[in-house]
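Now for the letters of each chain:
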Amino acid sequence: SFRVALCLLSFYTCKTNQILAAVCYALSQILDALDGKLARMFNQSTRFGAVFDMVIDRFSVAGFLAVLSQIYSEYSFWFILCIVIDFSGHWFQMSASLNSREESHKRARNYNVIVDIYLSLIHISEPTRLLSISYAVFCLKKKNYTTTT
């Protein structure tokens, strides 16, 4: 998938070229938003597509958090905890999706209140995601400038 290649390029260049890394990651997130909307618009949604999309999303979030844990090593425990919560929360959501026979894990209703609360918090809109990426790039550049000067 082109999204995976963009994420890998972003992770590879994050310490040497923060702008390129941010652009690649932002493009991967924009493509994520577009492919889902287009699949629904043209009635091309499948269970395989939903699972594949979720796996790529987990890859991109985990990779982004792993990069941040390298740069901000003093907070690595919290980044790793976010990865664990993200993976386990989505596993619960996917299980609920399979049990309810929904086409998308996003439409499945969970019967666990804690999982429902967590999943409602993490499903942020694409503009919010892009804003958080921009903020992370700003922090990376600021850290880069303060450590090199």
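Rules of the game
- Residues numbered from 1 in each chain as written.
- Predicted model: local features only at pLDDT ≥ 70, side-chain atom pairs only at ≥ 80, totals over all residues.
- Heavy atoms only, no water.
- Helix = DSSP H or I, 4+ residues; strand = E, 2+ residues; numbered from the N terminus.
- Buried < 20%, exposed > 50% of the residue type's maximum accessible area, 1.4 Å probe, protein only.
- Contact = heavy atoms within 4.5 Å.
- Areas by Shrake-Rupley, 256 points an atom, 1.4 Å probe, with all protein chains shown as cover.
- pLDDT = per-residue confidence, 0-100.
- Phe/Tyr/Trp six-rings, centres within 6.5 Å; stacked < 30°, edge-to-face > 60°.
- Expected span 1.5 Å × (residues − 1).
- Polar contact = N/O pair within 3.5 Å; in protein donor to acceptor, adjacent residues only side chain to side chain.
- Core = buried A, V, L, I, M, F, W, Y, C linked by side-chain atoms within 4.5 Å.

### Let's talk about the overall build of the chain
Here is step 1 of the chain: Per the secondary structure count, the chain includes six helices and zero strands.
Here is step 2 of the chain: Of the regular secondary structure in the chain, the N- to C-terminal order runs α-α-α-α-α-α.
Here is step 3 of the chain: Expressed as a percentage of its 149 residues, the buried residues of the chain come to 37%.
Here is step 4 of the chain: Sequence separation of at least 24 residues holds for 66% of the intrachain contacts in the chain that already meet a minimum separation of 6.
Here is step 5 of the chain: Here the chain has roughly 9,500 Å² of accessible surface; of this, 69% comes from carbon and sulfur atoms.

### Overview of the confidence of the model for the chain
Here is step 1 of the chain: Looking at the chain as a whole, the pLDDT averages 77, with 66% of positions reaching at least 70.
Here is step 2 of the chain: Predicted confidence in the chain is weakest over helix H6 (residues 126–148), with a mean pLDDT of 56, and strongest over helix H1 (residues 2–13), with 93.
Here is step 3 of the chain: Low pLDDT, under 50, characterises residues 145–149; the stretch is placed with zero contacts to residues that sit more than four places away or in other chains.

### Topic: the packing of aromatic side chains
Here is step 1 of the chain: Summed over the entire model, instances satisfying the criterion amount to five aromatic pairs.
Here is step 2 of the chain: When the centroid spacing of 5.8 Å and the interplanar angle of 10° are considered together, the rings of phenylalanine 48 and phenylalanine 52 count as stacked. Taken together, the residues span about one helical turn, with phenylalanine 48 and phenylalanine 52 both in helix H3 (residues 47–71) at a distance of four residues.
Here is step 3 of the chain: Owing to a relative accessible area of 62%, phenylalanine 48 belongs among the exposed residues under this scheme.
Here is step 4 of the chain: Phenylalanine 52 gets classed as partly exposed once you look at its relative accessible area, which sits at 40%.

### Overview of helix H2 (residues 18–41)
Here is step 1 of the chain: Taking 1.5 Å per residue as the helical rise, H2 with its 24 residues ought to reach 34 Å, and the 34 Å between its terminal C-alpha atoms agrees with that figure.
Here is step 2 of the chain: Buried within H2 are the following residues: Gln18, Ala21, Ala22, Cys24, Tyr25, Ala26, Ser28, Gln29, Asp32, Ala33 and Gly36.
Here is step 3 of the chain: Where H2 ends, the next residue or the one after it, asparagine 43, has phi of about 55°, a positive value.

### Focus: unusual backbone geometry
Most peptide bonds take the trans configuration, and most residues that are not glycine carry a negative phi.
Here is step 1 of the chain: Positioned with a positive phi, asparagine 43 is a non-glycine residue whose angle comes to about 55°.
Here is step 2 of the chain: Residue position: asparagine 43 is located in the loop between H2 and H3.
Here is step 3 of the chain: Residue asparagine 43 is classed as exposed on the basis of its relative accessible area of 66%.

### Notes on the side chain of serine 28
Here is step 1 of the chain: Mapped onto the elements, serine 28 comes out in helix H2.
Here is step 2 of the chain: Assessed through its relative accessible area of 0%, serine 28 is described here as buried.
Here is step 3 of the chain: Within the local environment of serine 28, its side chain forms a polar contact with the side chain of glutamine 29, the two groups lying 3.4 Å apart.
Here is step 4 of the chain: The residues contacting serine 28, other than those within four sequence positions of it, are Arg3, Leu6 and Cys7.

### Focus: the nonpolar core
Here is step 1 of the chain: Core analysis: the largest hydrophobic core is formed by 13 residues, its most contacted members being Phe11, Val67, Tyr72 and Phe79.
Here is step 2 of the chain: Elements supplying a minimum of two residues to this core: H1, H2, H3 and helix H4 (76–100).
Here is step 3 of the chain: Considering each element in turn, this core owes the most residues, five residues, to H3.

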